Amino acid sequence: MPQITVDYSHSVESSFDRQGFALALHPLIAKTADTQLAACKTRFRRVDETVVADGTAQAAVVHIAVALLPGRSQEVKAQLSEVVLDLLAEYLRPAGGVAPVASAEVRDLEASYRRR
């Protein structure tokens, strides 16, 4: 915990500093969510096909999902979503002149979550 997943359109692959983002993201999450830095884990998943709105404009998408053990208020989760998106802007440049649609979600892990 936290489990962080970043889905991103293939079109931003060369303009997204994923390693730099993860290394900056982990201490930010640890501080904002009051958790241990050593517990942060991020995985990136490239998405080959994305469609936005009516599909007439070529668009890129980046979605960051942060899953935490329960116990944070909705205000803390919303604040974390905001700071994650602010940080993303530092590590993601527009690809081919198209600014990606970025989103973030912070949720609780299910009670069945276990780690070894």
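Rules of the game
- In this convention, every chain numbers its residues from 1, walking through the sequence in written order.
- Since the coordinates come from a predicted model, pLDDT governs what is reported: local features require at least 70, and pairs of side-chain atoms require 80 or more to be given and counted, while whole-chain, interface and lining totals use all residues.
- Only hydrogens and water are set aside; all other atoms, that is, all heavy atoms of the structure, feed into the side-chain values.
- Every helix listed is a DSSP run of H or I at least four residues long, and every strand listed is a run of E at least two residues long, numbered separately from the N terminus.
- Computation of the radius of gyration draws on C-alpha atoms, with the globule rule given as 2.2 Å multiplied by the number of residues to the power 0.38.
- Exposure categories follow from relative accessible area, calculated using a 1.4 Å probe and restricted to protein chains: below 20% of the type maximum is buried, above 50% is exposed, and the middle band is partly exposed.
- A helix is expected to reach a length of 1.5 Å times the quantity of its residues less one.
- Directions are taken from the helix axis to each C-beta atom, and the arc is the one they span.
- When checking whether two residues touch, look at their non-hydrogen atoms; a contact exists if any pair is within 4.5 Å.
- Put simply, a salt bridge is a Lys or Arg side-chain nitrogen that is within 4 Å of an Asp or Glu carboxyl oxygen.
- We treat two strands as partners when DSSP finds at least two bridges between them.
- Note on geometry: axes are lines fitted to C-alpha atoms, helical ones only across the stretch in contact, with angles between N-to-C directions running from 0 to 180 degrees.

Asks: Just give me the short version of the overall build of the protein chain, but keep the residues and values in it.
Replies: Helix and strand content of the protein chain: two helices and four strands. Seen in sequence order, the protein chain has helices and strands lined up from the N terminus as β-α-β-β-α-β. A compact globule built from 116 residues should have a C-alpha radius of gyration of about 13 Å, and the protein chain, at 15 Å, falls within 12% of that. Expressed along its principal axes, the backbone C-alpha trace of the protein chain runs to roughly 40 × 30 × 25 Å. Here the protein chain holds 116 residues, and the buried ones make up 37% of them.

Asks: Provide a residue-level description of helix H2 (residues 74-91), including the pertinent values.
Replies: Here H2 is 18 residues long and its end C-alpha atoms lie 26 Å apart, about the 26 Å a rise of 1.5 Å per residue gives. Among the residues making up H2, those that are buried are Lys77, Leu80, Ser81, Val84, Leu87 and Leu88. Each buried residue of H2 lies within a common arc of 135° when the element is viewed along its axis, so the set occupies one face. Exposed residues pointing more than 90 degrees away from the buried face of H2 are listed as Glu75, Glu82, Ala89 and Glu90. Residues of H2 that are buried in the fold lie against helix H1 (18-32), strand S3 (61-68) and strand S4 (101-108).

Asks: Please set out the pattern of salt bridges residue by residue, giving values where relevant.
Replies: By the definition in use, this model includes four salt bridges. Salt-bridge contacts for Arg45 lead to Asp7; the nearest nitrogen and oxygen are separated by 2.7 Å. With a gap of 38 residues between them, Arg45 in strand S2 (residues 41-47) and Asp7 in strand S1 (residues 3-9) connect regions that are remote in the sequence. For Arg45, a relative accessible area of 40% translates into the label partly exposed. Salt-bridge contacts for Lys77 lead to Asp108; the nearest nitrogen and oxygen are separated by 2.9 Å.

Asks: Can you tell me about unusual backbone geometry, naming the residues and giving the values?
Replies: With phi around 55°, Asp34 is a residue other than glycine that occupies positive phi space. Tracing the chain through its elements places Asp34 in the loop between H1 and S2. Not every positive phi belongs to a glycine, and Ala53 is a case in point at roughly 55°. Mapped onto the elements, Ala53 comes out in the loop between S2 and S3. Look at Ala53 and you get exposed, because its relative accessible area is 77%.

Asks: Now, about the sheet that holds S1: what can you tell me, with residues and values included?
Replies: Taken in spatial order, the four strands line up as S2-S1-S3-S4 in an open sheet, and their pairing is mixed. Here the strands that pair on one side only, and so sit at the sheet edges, are S2 and S4. Neighbour-to-neighbour, the strand axes of this sheet turn through a mean angle of 15°, independent of strand direction. Together, S1, S2 and S3 form the strand contacts of H1, whose direction differs from that of S2 by roughly 140°. Packing against the sheet, H2 makes contact with S3 and S4, and its axis sits at approximately 145° to S4.

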